[in-house]
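# Structural overview for review
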Amino acid sequence: MKKIITVKYLLKRLENINVKLISGQNGSDKNIEYINIQEFALKSDRIKKHGVLLTTFASFSDSQKIIEHLQWLLSKEIHSVGIHSVFIKKIPEEVILFSNANNLPLFLIPEEVSYQQIMQVYFQLLVEDTNNKRVHLEQINIKMLRSVALDRGSQYIVSILGKHLKQQIIHLDKLLQLKSLWTDNDFDKEEIQNIAQKLTAEQKAFSSEESIFEYRSSSGNRSIFSFRVIPIMDNMNFYGVLLIGCNNDFSVSDESLINHGKTALLLDSIKRNTMEKYLKNNDMKIIESILESPSKKKTRDFFDLSLYMKDVNLIYLIDFDDTSNLHKSFEYIHQKISKWNPHSLIWVFNSQIICVVNNDIPTHLLNRISELFEDIIIGVSDKSKNTTAESILEKYEQAQLGVKIGGTKGKKINYWTDLGYDKFLYALHQNDILKSAALNLLQPLIEHDATSNSELLITLSVYLDNFFSLKKSAEDLYIHKNTVKYRINKTKELYKDINFEDPETFLLFSSALRLYRILET
């Protein structure tokens, strides 16, 4: 924060004890960091810059010696000199000329005024300045915290921090994507994204501790920027990270401001996260009502879905053979899919994990999930942008069908577009007449398998799927080719005068066998 104690301000307060500025008026706006006394003509390295020195110049023989010493004080960046008139009643003209020429304020202290009085006035100013800064800092802190209640967003908080710290401020969300920014135009948006990517690559996970991150700019000057990396998190959740340029040291008041800014961003993140959870829970309830009771009354709730969910493109269903592992597996799957897309809806519904998204889940992510959990089957709906209550129900049923067909084929990931003829058979198996016809057609094989343990049904099914190839069927069944041949001949004995290679007969038995597998599962 800018200091308010200047030479001019000090002299204004000293007017009450008749201390007057004699020369160097143009330098009176300089700041004062301390006041000290120097009576001897010594050139000590202990002299610090930005101070005011009080002296009688009693140790100097003439004005030229005074000017030489003032010249040295200027080289040390002394901002003003107070001359006590107990020894010099009038400041020499050549000293005044030097002072004016070099903008070095000189003021004359009356004989009756002590150095202690000057010091007391300065210390009083320091106390006032400290109080003013404290009040100003409290006002800024309150302003940041109130902005959370007023829902002004993180950009408002980041701008306050940037303006007062005079540093680059970058706020990344929990996915380390740019959320808010304050910059003096050293960085463009592409540069900011580069910083976020490099930070992600170097720090896979954030602890609760702060760290320092160095970034080499891609601009022509190849500057290196240092950032304080401040995680924004509570005891349970990580909400993002605050990066603050730290090319300069921070004062105690700066640190207080940073802590309050971090708190304000945390509260803002928690507030938005709570609202996001509320909207997601509400969306889940609406979708469940559509899936459970797709009546006109329930489908009206569709219009209460959040805007993101009104662009539902896909539904994924994950089914488990062993539901005892469902909730433990859900934690991992939820974390991975939410990290990929924080807007996705994922929850447990009817002992399955249901995921509602508006984009395809990456194949590598689905493969990783299916490899990690051996007992799962995933069904994926068709993709479309025409989202209605009816289309959500249709997508759910498509994903369910993918799970069922995947179960019969032993396939883990099943896309609606890849289900082929089987999805029509599943529709047919809803019809009792067709189910009865299929069972009657296959009854000779069913009875023979039951009494002789002959496995004619599965053999005929594989044989037809392989278009009458004995060799390929034997490989799929892990038996000798002659065994397949024997079983097929046995089947032909049960169905005399039937040519399985006839196209209509082939289609009839192939469909009946697939439908039977569906009925069995």
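Check the entry above for the structure.
We now turn to the structure provided with this report. (Residues numbered from 1 in each chain as written. Predicted model: local features only at pLDDT ≥ 70, side-chain atom pairs only at ≥ 80, totals over all residues. Heavy atoms only, no water.)

Further remarks concern the overall build of the protein chain. The helix and strand tally for the protein chain stands at 17 helices and 15 strands. Its C-alpha radius of gyration of 41 Å places the protein chain more than 25% over the 24 Å reference for a compact globule of 521 residues. Taking all 521 residues of the protein chain together, 46% fall into the buried category. Nonlocal contacts in the protein chain, meaning residues at least 24 apart in sequence, comprise 64% of its contacts between residues at least 6 apart. (Helix = DSSP H or I, 4+ residues; strand = E, 2+ residues; numbered from the N terminus. Rg over C-alpha atoms; globule rule 2.2 N^0.38 Å. Buried < 20%, exposed > 50% of the residue type's maximum accessible area, 1.4 Å probe, protein only. Contact = heavy atoms within 4.5 Å.)

Right, let's talk about the environment of L267 for a bit. Residue placement: L267 occurs in helix α7 (residues 252-292). By relative accessible area, L267 is classed as partly exposed at 41%. Along the backbone, L267 and S154 are 113 residues apart, and their C-alpha atoms lie at a distance of 9.9 Å. Excluding its chain neighbours within four sequence positions, the residues that come into contact with L267 are L145 and V148.

With that settled, consider the packing of aromatic side chains. Here a ring pair, both rings aromatic, is described through the centre-centre distance and the interplanar angle of the planes. In the structure shown here, the tally under the stated rule is 10 aromatic pairs. Aromatic side chains Y332 and F373 sit 5.8 Å apart centroid to centroid with 65 degrees between the ring planes, which places their arrangement in the edge-to-face category. Here Y332 is found in helix α9 (residues 326-340), whereas its partner F373 is found in the loop between α10 (363-372) and β14 (376-380), with 41 residues between them in sequence. One cation-aromatic arrangement involves R152 over Y156; the distance from NZ or CZ to the ring centre is 5.0 Å. (Phe/Tyr/Trp six-rings, centres within 6.5 Å; stacked < 30°, edge-to-face > 60°. Lys NZ or Arg CZ within 6 Å of the ring centre and 35° of its normal.)

Okay, the pattern of salt bridges next. Between side chains of opposite charge, pairing is possible as soon as their charged atoms come close. If you walk through the whole model with that rule in mind, you get 15 salt bridges. Residue D151 pairs with K271 through a salt bridge whose shortest N-O separation is 3.8 Å. One end of the pair, D151, is in the loop between α4 (115-149) and α5 (154-165); the other, K271, is in helix α7, with 120 residues separating them in the sequence. Under the relative-accessibility criterion, K271 is labelled partly exposed at 34%. In this structure, K383 and D360 form a salt bridge, with 2.7 Å as the shortest nitrogen-oxygen distance. Of this pair, K383 sits in the loop between β14 and α11 (389-409) while D360 sits in the loop between β13 (352-357) and α10, and the two are 23 residues apart along the sequence. For D360, a relative accessible area of 36% puts it in the partly exposed group. Through salt bridges with shared partners, one network takes in D151, D268, K271 and R272. (Salt bridge = Lys/Arg side-chain N within 4 Å of Asp/Glu carboxyl O.)

This part is about the sheet that holds strand β12 (residues 345-349). As summarised here, the arrangement of the five strands in space is β12-β13-β11-β14-β15, forming an open sheet in which the pairing is mixed. With one partner strand each, in any of the chains shown, β12 and β15 (413-415) form the two edges of the open sheet. When strand polarity is set aside, the average angle formed by the axes of neighbouring strands in this sheet is 20 degrees. In the sheet, strand β11 (residues 314-320) pairs with β14 via five bridges, with the strands oriented antiparallel. Bridging across to β14, L317 finds its partner in G379. Packing of α9 onto the sheet brings it into contact with β11, β12 and β13, and relative to β12 it is tilted by some 165 degrees. Lying on the sheet, α10 is in contact with β11, β14 and β15; it crosses β15 at an angle near 140 degrees. (Pairing = 2+ DSSP bridges. Axes fitted to C-alpha atoms, helices over the stretch in contact; angles between N-to-C directions.)

In this section: the sheet that holds strand β9 (residues 224-233). Strand order in this open sheet of five strands is β7-β6-β10-β9-β8, and the pairing throughout is antiparallel. Looking at the sheet topology across the chains shown, the edges are occupied by β7 (178-182) and β8 (211-216). Within the sheet, the average angular offset between the axes of one strand and its neighbour, ignoring direction, is 25 degrees. With five bridges connecting them, strand β6 (residues 169-173) and strand β10 (residues 238-245) associate as antiparallel partners. Its bridge partner lying in β10, D173 is registered against G240. The strands touched by α7 within the sheet are β6, β9 and β10, with β9 carrying the most contacts at an inclination of about 50 degrees.

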